[in-house]
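Structure assessment
Residues per chain, in single letters:
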4 protein chains.
Amino acid sequence: MYRLNPLLRKLKRGPQVILPKDLGVILAFTGVGKKSVVVDAGAGSGFLALSLANVCKKVITYERREEFAELVKKNISRSGLKNIKVKIADVFEGIVERDVDLVSLDLAESDRVVCHAVQALRAGGFVSAYLPHAEQVKKFVDTVKATNEFEEPFVVECIMREILVREEGFRPETKGLLHTAYLAFARKKENTSAGVPEPGLKGSQS
Amino acid sequence: MYRLNPLLRKLKRGPQVILPKDLGVILAFTGVGKKSVVVDAGAGSGFLALSLANVCKKVITYERREEFAELVKKNISRSGLKNIKVKIADVFEGIVERDVDLVSLDLAESDRVVCHAVQALRAGGFVSAYLPHAEQVKKFVDTVKATNEFEEPFVVECIMREILVREEGFRPETKGLLHTAYLAFARKKENTSAGVPEPGLKGSQS
Amino acid sequence: MYRLNPLLRKLKRGPQVILPKDLGVILAFTGVGKKSVVVDAGAGSGFLALSLANVCKKVITYERREEFAELVKKNISRSGLKNIKVKIADVFEGIVERDVDLVSLDLAESDRVVCHAVQALRAGGFVSAYLPHAEQVKKFVDTVKATNEFEEPFVVECIMREILVREEGFRPETKGLLHTAYLAFARKKENTSAGVPEPGLKGSQS
Amino acid sequence: MYRLNPLLRKLKRGPQVILPKDLGVILAFTGVGKKSVVVDAGAGSGFLALSLANVCKKVITYERREEFAELVKKNISRSGLKNIKVKIADVFEGIVERDVDLVSLDLAESDRVVCHAVQALRAGGFVSAYLPHAEQVKKFVDTVKATNEFEEPFVVECIMREILVREEGFRPETKGLLHTAYLAFARKKENTSAGVPEPGLKGSQS
């Protein structure tokens, strides 16, 4: 039903993984590609981080929970991808990377990372957030606007249906996924004087 | 409304372009990445070909109409991407490339290219088709199945809504796109003895 | 999940029943009300017929399969509604009623009833069809157009999502129904000279 | 595009009217019918009130703005329906009717009418609310729950697409409505001891 692509089929799944329909939205709406450097946070099983690594130059994924970091490392090894690093660190305390093209967030409180994303992003880079609930979206959007460092943020949702093409006829599948998450995006202004004070940084790269 | 990413915003648009929501589906469901070689056909304005080139190692795009080929070349130049070639050739007459990871089709009669895609694809590679009408989907799926060279094909549609987060509240936008196209996918079997006879090939690479 | 209203909750369900979301579309797009007389065909469990009877002056429902007719009668008795009759008859052979406001069809081959609907409907009355597959829709629409007795037909689909409003936040439900059927409608022309020859009629009212 | 039924086509439209897709949901999810008495509030152009009157025994619609009340009266006259009364009164101050089957709300602050709906509804009757924004939905649901007089409320949204069946093929329409409103419903408990104190009532029936 989820139509995982060959890369994702190699991976071990944790309790919740981001699905191809939403991965696609992040790739297409940010336009990241072979030259992009991405910071990902809330690694989970690593589905999003590895999908980004499959496309981008380099991915650094923050995960503070040891057991998830282990799962991601196992999945990196299964994927064969070499351009991804797991950082066992709390992204709420800061992002050490600079000049990155995308900060991709899959965390309940993604809004709390916006101030760090401002520091990490290059001018014109994107922050994206995967947010199941409306309240999270509102908080994220309000926080982004308050920084005054981003262009107007936007939010989309993707309702995907599989279409059955069978002997008896053409029709959408009867049952399936109705909602995963809202996807919020904001692009850092092209010419911005970083005026947001950032808390101290911690985190050890693995 | 279409939320074109920075790459796409640089391009000149022809009458119909594939939108980010559908680009994302193609990227995510095929899993193409930095190592992938793609043949694209029905270049149009080059939006799909350039989005693939942004992510993949190499893209060859077939376009038989001179004026569209010119538009694509102009757009390649605007994009700054170097890993894409326009071939002024009729893809219905054949694909000369071999061992490609994806054959991406945006043509009214994509079904007529399936026999060539079989020849061009590596084992495990994908053919994708962007098809506005149900009848096209049925023809494409039937043709794919008839080759016996692909795993079971699948078809999806992506209904995307932009979500407004404003002073007055959170809600989806009132009006917008309800349909662009169905997206059909088929993966070439891992171990397949190519048994489909192919018509003669033509086409000059530019 | 289906949110059956109090009337429907009283009924015994057969294998497939039309759901409130689709009942609502039929009621709202045809505008039937207290003064309307309806012929329904393909009674099934009687959900549609009884929902129409709840709103309309009189409903006659055709069902040729004895066991379903029994189920409908049982459900009529459970509902307490008095303005509905079950006719054990084959609607493909004809409709005896005249001047009806709506002919409501839930049959695989609804197109084969269009010629009878023309005879049964008053000028300005509607025929509606509940059709799961695209091919059925096409056949129905083409048949309607060929009669030249109806205004331009139209077809809709209703994608309904339940919204969860909980402690943890506001979001659409994760899984549920993605498709039931397409709903096709055609209104008989206001001034029409019934020119469609109709096969002989049969059927005994129960 | 809106496919107004023959009743609605007779009416004069104000700036915003409830559309058939949403009317249908209210009819089908509450199950109101020929025996039902309905109180409607926020008459607007009267589309909802008149659609309910077309189906129900009696409708009383509250509208405090004189100019809208005039529009509704004009529309009642156009419709030919006799079982509907306009009350120029502020529903936030109370509902005088008792034992009604449905209180149907189309007001920005529908939550403020919940306490009056409790008084007006018979046991087993419904309150429904048409609410464009998520925040309104949350407030309404929370208010309903706080009364402890209703079964668990539920909320749905209906995404409707028109399907084009043409020479060139079958597909959903390209552009159209993506959102009108969320529809919230709550059913008054069957055995309830009305324990909610109600403010004083005002309002003159016209």
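What you see is a predicted model, and the numbers here were worked out from it, not measured in a lab. (Residues numbered from 1 in each chain as written. Chains lettered and ligands numbered in written order. Predicted model: local features only at pLDDT ≥ 70, side-chain atom pairs only at ≥ 80, totals over all residues. Heavy atoms only, no water.)

1. Things to note about the relation of the copies chain A and chain B
Its rotation angle being 180°, the transformation that places chain A on chain B also includes 0.0 Å of axial translation and leaves an RMSD of 0.0 Å. These values place the two chain copies in the arrangement generated by a two-fold rotation axis. Of every C-alpha in chain A, the one belonging to A:Gly24 sits nearest the axis of rotation, 1.9 Å from it. (Least-squares fit on C-alpha atoms with pLDDT ≥ 70 in both.)

2. A few points about the packing of helix H2 (residues 20-30) of chain B against helix H3 (residues 47-55) of chain B
Residue and element names in this part refer to chain B. At a closest axis distance of 11 Å, the pairing of H2 and H3 adopts a crossing angle of 45°. Between H2 and H3, the interaxial angle falls into the category oblique. Judged by the twist between their axes, the crossing of H2 over H3 is right-handed. Between H2, through Leu 23, Ile 26 and Leu 27, and H3, the contact on the second element is made entirely by Phe 47, Leu 48, Ser 51, Leu 52 and Val 55. Of the residues assigned to the contact of H2 with H3, the class counts are seven nonpolar, one polar and no charged. (Axes fitted to C-alpha atoms, helices over the stretch in contact; angles between N-to-C directions. Helix = DSSP H or I, 4+ residues; strand = E, 2+ residues; numbered from the N terminus. Parallel < 35°, antiparallel > 145°, perpendicular 65-115°, else oblique. Left-handed = near helix turned anticlockwise from the far one by under 90°. Contact = heavy atoms within 4.5 Å. Nonpolar A, V, L, I, M, F, W, Y, C, P; charged D, E, K, R; others polar.)

3. A short note on the interface of chain B and chain D
The partner chain D presents 22 residues to the 22 residues of chain B that form the contact. Buried area between chain B and chain D, summed over both chains or domains, comes out near 2,100 Å², and the portion from carbon and sulfur atoms is 58%. A per-residue breakdown of the area chain B buries against chain D is headed by B:His133, B:Arg161 and B:Leu178, which together make up 32% of the total. Between B:Glu157 and D:Arg161 there is a salt bridge; the shortest N-O distance is 3.0 Å. Linking chain B to chain D there are 13 residue pairs in polar contact (both at pLDDT 80 or more). In the side of chain B that touches chain D, the residues fall into 10 nonpolar, five polar and seven charged. Where strand S8 (residues 175-177) of chain B and strand S8 (residues 175-177) of chain D come together, three bridges link them in antiparallel fashion. Looking at S8(D), one finds that B:Lys175 is bridged to D:Leu177. (Buried area = accessible area lost by both parts, 1.4 Å probe. Salt bridge = Lys/Arg side-chain N within 4 Å of Asp/Glu carboxyl O. Polar contact = N/O pair within 3.5 Å; in protein donor to acceptor, adjacent residues only side chain to side chain. Pairing = 2+ DSSP bridges.)

4. Focus: the packing of aromatic side chains
Under the counting rule described, the total for this entry stands at 18 aromatic pairs over all chains. Centroid distance A:Phe29 to A:Phe154: 6.1 Å. Interplanar angle 45°. Geometry classified as tilted. Residue A:Phe29 is located in helix H2 (residues 20-30), and its partner A:Phe154 is located in strand S6 (residues 154-166); the two are separated by 125 residues in the primary sequence. Accessibility assignment for this pair places A:Phe29 and A:Phe154 in one class, buried. Both rings, one in C:Phe29 and one in C:Phe185, keep their centres 5.9 Å apart while their planes meet at 20°; by these two values the pair is stacked. Of this pair, C:Phe29 sits in helix H2 (residues 20-30) while C:Phe185 sits in strand S9 (residues 182-187); the two residues are 156 residues apart in sequence, bridging distant segments of the chain. Assessed through its relative accessible area of 3%, C:Phe29 is described here as buried. Members of the aromatic cluster, connected to one another through ring pairs, are A:Phe170, B:Tyr182, C:Tyr182 and D:Phe170. Taking NZ or CZ as reference, A:Arg112 lies 3.9 Å from the ring centre of A:Phe92, over its face. (Phe/Tyr/Trp six-rings, centres within 6.5 Å; stacked < 30°, edge-to-face > 60°. Buried < 20%, exposed > 50% of the residue type's maximum accessible area, 1.4 Å probe, protein only. Lys NZ or Arg CZ within 6 Å of the ring centre and 35° of its normal.)

5. Description of the interface of chain A and chain B
With 45 residues of chain A at the contact, the number on the chain B side is 45 residues. Approximately 3,900 Å² of surface area, both sides summed, lies buried where chain A meets chain B, with 63% of it carried by carbon and sulfur atoms. At the boundary of chain A with chain B, the tally comes to two salt bridges. Between the two partners, chain A and chain B, sit 15 residue pairs in polar contact (both at pLDDT 80 or more). The element contributing the most residues to the side of chain A that touches chain B is S6(A), with 11 residues. Tallied by class, the residues present in the side of chain A that touches chain B amount to 26 nonpolar, seven polar and 12 charged.

6. Considerations on the nonpolar core
Within the largest apolar cluster, 84 residues are counted, with the highest numbers of intra-cluster contacts made by C:Phe185 and D:Phe185. Once residues lying within four places of it in the same chain are set aside, the contact partners of C:Phe185 are C:Val25, C:Ile26, C:Phe29, C:Thr30, C:Phe126, C:Val127, C:Ser128, C:Pro153, C:Phe154 and C:Val156. With 83 residues, the next largest nonpolar core counts A:Val17, A:Phe29, A:Ala69 and B:Ala49 among its residues. (Core = buried A, V, L, I, M, F, W, Y, C linked by side-chain atoms within 4.5 Å.)

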